[in-house]
Every structure is written in C-alpha cells, then in structure tokens.
Amino acid sequence: MGNCKITMRDIAKDCGISVATVSYVLNHSEKEKISHETRLKVMESATRLHYEPRAVRAASKTRSGLIGVIINLKETNTAGKKILYYDLAAELSNQLRTMGYETILITTKNLSQDMGIVKKHSLDAVFMIDTDNRTVRKITEGYYVPILFIDCIVNDPLFCEIRPDYTALFTQAKSLLETEQPFLLMEDFCCQYQMEQFSQYFLTKDIFINSAGSNLSSFLQGHANRKGIVLGDVLGMQAQALLPCKDLCICAALGNPGLFSPSSPVLHIPNRTKAAVAAEVLQDMLSLDYQASSTNCVLLESEQL
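Residues numbered from 1 in each chain as written. Predicted model: local features only at pLDDT ≥ 70, side-chain atom pairs only at ≥ 80, totals over all residues. Heavy atoms only, no water.

Draft legend 1. Summary view of the sheet that holds strand S11 (residues 297-300). Overall, parallel pairing links the 6 strands, which are arranged S2-S1-S3-S4-S5-S11 in an open sheet. Strands with a single pairing partner mark the edges of an open sheet, and in this sheet they are strand S2 (102-108) and S11. Each strand axis lies, on average, 20° off the axis of its neighbour in the sheet, ignoring direction. With 4 bridges connecting them, strand S5 (residues 160-164) and S11 associate as parallel partners. (Pairing = 2+ DSSP bridges. Helix = DSSP H or I, 4+ residues; strand = E, 2+ residues; numbered from the N terminus. Axes fitted to C-alpha atoms, helices over the stretch in contact; angles between N-to-C directions.)

Draft legend 2. The nonpolar core, seen in detail. In this structure, Leu92, Phe127, Phe170, Leu184 and Leu231 are the most contacted members of the largest nonpolar core, which totals 43 residues. When residues of this core are assigned to their parent elements, the largest contribution, 7 residues, is made by helix H12 (residues 271-286). If sequence neighbours within four positions are ignored, Leu231 has contacts with Tyr166, Leu169, Phe170, Leu184, Leu185, Met186, Glu187, Phe198 and Cys251. Counting residues in hydrophobic clusters, the runner-up holds 35 residues, among them Ile6, Ile70, Ile106 and Val145. (Core = buried A, V, L, I, M, F, W, Y, C linked by side-chain atoms within 4.5 Å. Buried < 20%, exposed > 50% of the residue type's maximum accessible area, 1.4 Å probe, protein only. Contact = heavy atoms within 4.5 Å.)

Draft legend 3. Region of interest: the side chain of Glu91. Summarising the element assignment, Glu91 is placed in helix H5 (residues 79-98). Beyond its immediate sequence surroundings of up to four residues, Glu91 is in contact with Asn271, Arg272 and Ala275.

Draft legend 4. Just the packing of aromatic side chains, in detail. Per the stated rule, a full pass over the model turns up 9 aromatic pairs. Judged by centre distance (5.8 Å) and plane angle (80°), the ring pair of Phe183 and Phe219 falls under edge-to-face. Of this pair, Phe183 sits in strand S6 (residues 183-187) while Phe219 sits in helix H10 (residues 216-221); the two residues are 36 residues apart in sequence, bridging distant segments of the chain. Here the aromatic residues Tyr166, Phe170, Phe189, Phe198, Tyr201 and Phe202 are joined through ring pairs into a cluster of three or more. Across from the ring centre of Phe189, 6.0 Å away, lies the NZ or CZ of Lys81, which sits over that ring. Sitting above the plane of the Phe202 ring, Lys174 keeps its charged end 6.0 Å from the centroid. (Phe/Tyr/Trp six-rings, centres within 6.5 Å; stacked < 30°, edge-to-face > 60°. Lys NZ or Arg CZ within 6 Å of the ring centre and 35° of its normal.)

Draft legend 5. Inspection of the sheet that holds strand S8 (residues 228-231) at higher detail. Strand order in this open sheet of 6 strands is S7-S6-S8-S9-S10-S12, and the pairing throughout is mixed. Both edges of this open sheet fall to strand S7 (207-210) and strand S12 (303-304), since each of them pairs with a single strand only. Bridge analysis of S8 against strand S9 (residues 248-252) gives 4 bridges, and the strand direction is parallel. By the bridge assignment for S9, Leu231 is matched with Cys251. Sitting on the sheet, helix H8 (residues 166-177) touches S6, S8, S9, strand S10 (266-268) and S12, and the angle it makes with S8 is about 135°.

Draft legend 6. Focus on helix H1 (residues 8-15). Here H1 has its buried residues at Met8, Asp10, Ile11, Ala12 and Cys15. N-cap assignment for H1: the residue whose side-chain oxygen lies 3.2 Å from the backbone N of Arg9 is Thr7. Positive phi shows up at Gly16, right after H1, with a value of about 75°. (Polar contact = N/O pair within 3.5 Å; in protein donor to acceptor, adjacent residues only side chain to side chain.)

Draft legend 7. Layout of the pattern of salt bridges. Within the structure shown, the criterion is met by 9 salt bridges. Across the pair Asp151 and Lys274 runs a salt bridge, and its minimum N-O distance is 3.0 Å. In this pair, Asp151 sits in the loop between strand S4 (147-150) and S5 while Lys274 sits in helix H12, placing the two residues 123 residues apart along the sequence. Accessibility classification places Asp151 together with Lys274 in one group, the buried group. Here Asp247 and Lys246 are joined by a salt bridge, their closest N and O atoms 3.3 Å apart. (Salt bridge = Lys/Arg side-chain N within 4 Å of Asp/Glu carboxyl O.)

Draft legend 8. Expanded view of the packing of H1 against helix H3 (residues 36-48). Axis separation between H1 and H3 bottoms out at 10 Å; the angle between their running directions is 120°. Judged by the angle between their axes, H1 and H3 are oblique. As H1 runs across H3, the sense of the crossing is right-handed. Facing H1, whose interface residues are Ile11, Asp14 and Cys15, H3 presents Lys41, Val42, Ser45, Ala46 and Arg48. Tallied by class, the residues present in the contact of H1 with H3 amount to 4 nonpolar, 1 polar and 3 charged. (Parallel < 35°, antiparallel > 145°, perpendicular 65-115°, else oblique. Left-handed = near helix turned anticlockwise from the far one by under 90°. Nonpolar A, V, L, I, M, F, W, Y, C, P; charged D, E, K, R; others polar.)

Okay, here's the thing in structure tokens:
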C-alpha cells in the first residue's frame, strides 16, 4: 500500500470483516462477542500492515488509567512464595507509575470465581502472575484487554508470556555446581504446565515442592551428599541452614545478595528486571507493535552474582 497510512478499513478488507469489528478488536473492547480466532486475525493483520493507532488512542476518552496486577495463590503456598510475588507486584507498580498508570492489586485463590471482580474495574490492561493455565480460556472469554502472563505458560498467541528461561538457568546452575544430576527445591506453582516442565529436567524423586505440610529437612536428609538448585530467596536461606552452602545454587529474585552465604553460587533474575521487561512489552501491546504468534514469549536470562 505504498506510503499511504494504513487505516482500519484496510485491515477490515485484509481480514474480510467489518470495520466495526476491527475497531472493537483494536480498542480491546470486551463488550462485543467476537471470536478468539477473529481477534487473532485482526492483531496479525494490524502488525503486518504496520497500522499506527496513535491518533485513535489519543482521541479515546475511555481509558481508565488503571492496570490490574493479579497474584494467583494456593491455600498451601508458603510465605516465601508470597514474598516473591508481592515484591514483583511492587516492582510492576513502580514501573507502571512512570508510564502514568495506577495499579490495582488483586490476590486470589480462585481466579475463575473472582474474575467478575477483575472485570468490574474497567482496567486498561492486566498482569497475571502464576495463573493456572487450565482455566485461561475460561477466564479470558469475553475479556480482551491486553493481558500479560508472568511466571506461567498459557500457550495462547493472543497474550504474551514473560518467564525465566529455565533451560538456560538449569544448565548454568549445573555447571556452577559441577554436577549433572542435582535435586530441585521450589515453591508450589499454580501453573501446571510450568510444573510439568520441571519434570523434564529432574527426576520426580529429586523435586521438592515447598508447601504447607511439606518437610524440607526430611527431603534433604534423603539427598545427603547431593548438590541442589533452589528456586526462591526464602527457600534458599532455609536450605542453607540445613546443607553445606557450597552444594546449593540459589536462583534469586529479590535483588539482595546479602541474604546468602558467600560460598553459595547465586543466579539472579531480579523482579525489578522482570517488571521492566513486562512494562516494555505492555507498551508494545498498547501501540500494536506486537506480533500474535504461537511463540509469543519473552524468556529472561539469569546473571551470576
């Protein structure tokens, strides 16, 4: 189409749908019944044709200026996991404030049930932290503001995922520990796909899931003279009190290396970095500089402290 400015009419023609439908999708309207597949088609076309929506956005008077941050928890989650995610929510709030947004924090142990509370706030976008992927289609049905999923796998190209690159993380940790068969200590994720991914790297008997009623001391006694990888700052401190620190590689997020013994190798994916990346991706989504695809995922690499 040369140097002509791309319009919604061009996108509608490219997709074989009405201009009104294109407008509803590009303005993230959840009030009209538009299929998931049609929304994907419009987003893909807008990106491919280099549609620039700035004037439309500037003219819009429907923006609330509110972004939701939703922390999904289980009844059995420990204080350690809650600390990690509340810290992440605080970092997200700081990033969003610099973008001119206010944050609404919602914690839930049943997102399907509480989704009505989320929808009533007229949010401009939502960050969902550690979501049960089995309910994603159900909770997003009819709700198409930009959604970014953090620390979980959803496999839905309309939304973006931001999570650590665990393949690279575990490879690096094994190298630091000089072992190919470490055990894994981790918090209890809500995302089942994420939990299943860990079983690709470790034997079931070598995975400890930290939750109410679990016994870390007993697990470590059964893995005496073994080396291990720990996901989480608080869990790392607990493990250091029970095992030689040199035998533990801690994957931290809070950004405070003083929490750990100097003899423990520490890999770091700071919550501050995760929040900055998430805010940048959100800006891309709001400006449609975003490609809906089956691999729409940002994997974060670790750094050694």
